[in-house]
Amino acid sequence: MNAAVTPARATLGARLKALVGPEMAGPVLAFVAVVVVFSLVSPQFLSRATFGAVGFQLPELGLLTLAMLLPVLTGGLNLAITFTANISGLTVAWILHANGGLEAPMPVFALACLAAIAVGASTGVVMGLVIAYTRAHPILVSLSMMIFLRGLGEFLTRGGDVSGFPSYVQPIGHGTLVGLPVPLLIFIGCVLAWHVLLTRTKLGFNTFMIGSNIEAARYSGVNTRKVLVLVYTLSGAMCAIAGIIMLARFNSVRVGHGESYLLITVLACFLGGVNPFGGFGRVIPVFVALVVLQLLSSGLNLVGANQHLATAVWGILLITVMVLRWVAGRIGPFKPGKG
Amino acid sequence: MTEALDRGAAQRPLLSLRDINVTFGGVRALKNVSFEVLPGEVHCLAGENGSGKSTLIKVITGVYRPEPGAVIEYGGETYTHMSPVTAQAAGIQVIWQDLALFPEMSVAENIAFQTVVGRRPRLVDYGRMREAATAALKRLGVTLDVDRPLKDFPIAQRQIVAIARALVGEARIVFMDEPTASLTQSETDCLLDIVRTLSASGVAVVFVSHRLAEVLEISSRLTVLRDGALVGVYPTEGMTQSRITELMTGKMFDQTVRARPMEGRPVVLEVDRLTRAGLFEDISFTVRQGETLAITGLLGAGRTELALALFGMLRPTSGSIRLEGRPVRFSSNRDAIRAGIAYLSEDRLSLGLIQPQSIADNLVMASYDRLLTGGLLSERRKRDLVADWIRRLAVKIGRQEDAISTLSGGNQQRVAIAKWLATNPKLLILDSPTVGVDVGARAGIFDIVAKLAAEGLAIILITDEVPEAYFNADRVLHMANGRMANWFDPRATALADIEAAVYA
């Protein structure tokens, strides 16, 4: 029975599957688990307060994860993301200080943001050029850039904070717009931009192709060097946006801010189903994975657990997901041997 | 009755299998197969991909366990199944296509590491390893510097190292899986000599190869499998390549020369004294609309390099290329693609297609620009384009999103051809389009080539199999040592004459 209905359902199912993809299973499962467990443990978990905490804390890690995602998809890595964010934040701070400090007018701030994005992008251009032309390993190239930026930043700030910005900067980190945290809105905008970039543009398509097999992509006429340079440039620019948000949230810039996020961004990518060797991955599952990590951290906070313990629980979650993925692969369809 | 069969009747087999059945999740990979190898003989195991050759070898080496009822007799003992340990201890060795060697380790370590594994005291005796390695190489009549790391040696020598390793394991029977797939003609000859040496010293060799000429040259008997079932066991004496093809595929292929006169048609490509120092020299030819020009010659004759120069991936040092009368100079293959040249790589696995990615993505990769509206992809146009090419080239696929690696060699090659046709080329260069494609599927590829030529596409077909060139091209250019050696017209020359010239 229902013979007439089945095909329509199948297409709908296929469409839904195409929209979310198989990578979505892990993050969604983790999401459900976290929400169920914490709402049982703590009645306040499903509240506005939790949502607010997540909404304000998520964007920093989230934007840095987006910056990490593109290089990971090409089979590379950008270890310089946190210091690129710091240097971009410093760019904004210095431009504001040089133009009136607390009294700096808004257009100056706008220009300062553009300059910060340019600085972030240019670190990416340099890394991209070196990786594309010398074929040096991205880990080494970005590690060198990370050390350079850290040294440069610490030298210029003498290891201290730079603070004191006009009052209109604060809302970018703390304000709300139509009831939603401003940093969350900026982050969601960036997530959508990355989603469109990866699913609908030529650059996105070529990013995946390069990640799977760069030589085969070159033989098919893909300008592999251009793609690599653009990928690292966009990664750097995204770091700058993260740097501006961090500046607004802390109301100060210090080289080393957010350093502990570096490896968590890599893990968030993998939790979101991104292939660690490149070529496969989607933005939306990574976004869900980030929400899970943040919910977990907020929930533990709510039940009174230590912040360091929260980090430890992140580690356990990630390991659990890897093991579950392996288990899911084992019970998948049996593969017959070749003749 | 031939001598080989008489001998077979007289001699007790070294290895004999009966009633072998293997099922994978409902698919019967082997159906009541039996197989026999005589001591010291060279036996060929032939069949298309998926016919059960690898499965049979894995049963013999203990990787797979056959269903109850199987009988395996080896060296006087009877087994219901083998295990990897008993198979190795009994002297059954396999040299897989990927060789399974350690590139960073020395030749001696690669050959003789098994001799030190599991012995006490648990120390590595390098002196003994070197001795064992040198002795094994000597049995093969080869000298190699055993202290150098394996990665310093080309593939042909690595193959010899893999064979020497089998000898150290006191092999009585050696299985070789496609051993000549990546060797040049002279390297192949050298390998065949080694196989003869092995056989003369009493080691049986089971040879798995797609190259039927070699099969006929080296082996005395032939076992043919098709769709997991035994077709038969035949003496190679009196066999022909076309008869083997028939047995493997169960189909008749009547080949006729497709060459037609091309004079007077507009010239698409004109190459004049094209030279790339050290790779090829003084190459001049034209290809006309609807013409198929074959370039043949041994591996290393400069054919692929010439193709890469036409495709903008290798800069010529002198000479000129004209496309439809206009001189062209490409700074990358993107220029060449834009100008209307397409190049199907000889290495489908690592350069031609991106194996883990989907059928659809592989197909649209070279023509992605055509799918964009205002810089954004139109999913519908992509799906329609892919569906259209899948239909036009009769590619057998499941879903467009499946990885290209799930397709057979022949279907993968059809997708690769579609990828280039989607760029709307004027000239299509096919570099060894039938490598790793089953005999049965090859005919299908050449039917497509013929159809494209009839529609007016200019085609350069590069192949080291002279019959392919002879039957499918309008003219045949023979290259040797980077130079033009001969021109042949298939309508006026016998296949044997061309083969004699090329393989001389």
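Residues numbered from 1 in each chain as written. Chains lettered and ligands numbered in written order. Predicted model: local features only at pLDDT ≥ 70, side-chain atom pairs only at ≥ 80, totals over all residues.

Some remarks on the overall build of chain B
Tallying secondary structure elements over chain B gives 18 helices and 22 strands in all. Considered along the principal axes of its C-alpha atoms, chain B spans approximately 70 × 55 × 50 Å. Taken over 504 residues, chain B has a buried fraction of 44%. Residue pairs in contact within chain B that sit at least 24 positions apart in sequence constitute 69% of those at least 6 positions apart. (Helix = DSSP H or I, 4+ residues; strand = E, 2+ residues; numbered from the N terminus. Buried ≥ 20, exposed ≤ 12 C-beta atoms within 10 Å, placed from the backbone. Contact = placed C-beta atoms within 7 Å.)

So, the overall build of chain A
Along the backbone of chain A there are 14 helices and four strands. The 339 residues of chain A split such that 47% are buried.

Describing the nonpolar core
One finds A:Leu64, A:Leu69, A:Ala242, B:Ile429 and B:Ile459 to be the most contacted residues of the largest nonpolar core, which totals 179 residues. Considering each element in turn, this core owes the most residues, 18 residues, to helix 11 (residues 224-250) of chain A. Setting aside chain neighbours within four positions, we find B:Ile459 in contact with B:Thr292, B:Leu428, B:Leu430, B:Val449, B:Leu452 and B:Ala453. (Core = buried A, V, L, I, M, F, W, Y, C linked by C-beta atoms within 7 Å.)

Here we look at the interface of chain B and chain A
Counting residues at the interface gives 32 residues for chain B and 21 residues for chain A. Contributions of two or more residues to the side of chain B that touches chain A are made by strand 2 (27-37), helix 2 (53-60), helix 11 (333-339), helix 12 (348-352) and strand 18 (376-377) of chain B.

Here's the deal with the environment of B:Tyr368
One can find B:Tyr368 in the loop between helix 13 (359-364) and strand 17 (372-373). Overall, the presence of 21 C-beta atoms within 10 Å leaves B:Tyr368 in the buried class. Once the C-alpha coordinates of B:Tyr368 and B:Val437 are considered, the two residues, 69 residues apart in sequence, prove to be 27 Å apart. Apart from residues lying up to four places away in sequence, B:Tyr368 is in contact with A:Lys202 and A:Phe205.

Details of the confidence of the model for chain A
Confidence in the prediction for chain A averages 87 pLDDT; 90% of positions are at 70 or higher. Within the model, pLDDT remains below 50 along residues 1-10 of chain A, and this stretch shows zero contacts once partners closer than five positions in the same chain are excluded. (pLDDT = per-residue confidence, 0-100.)

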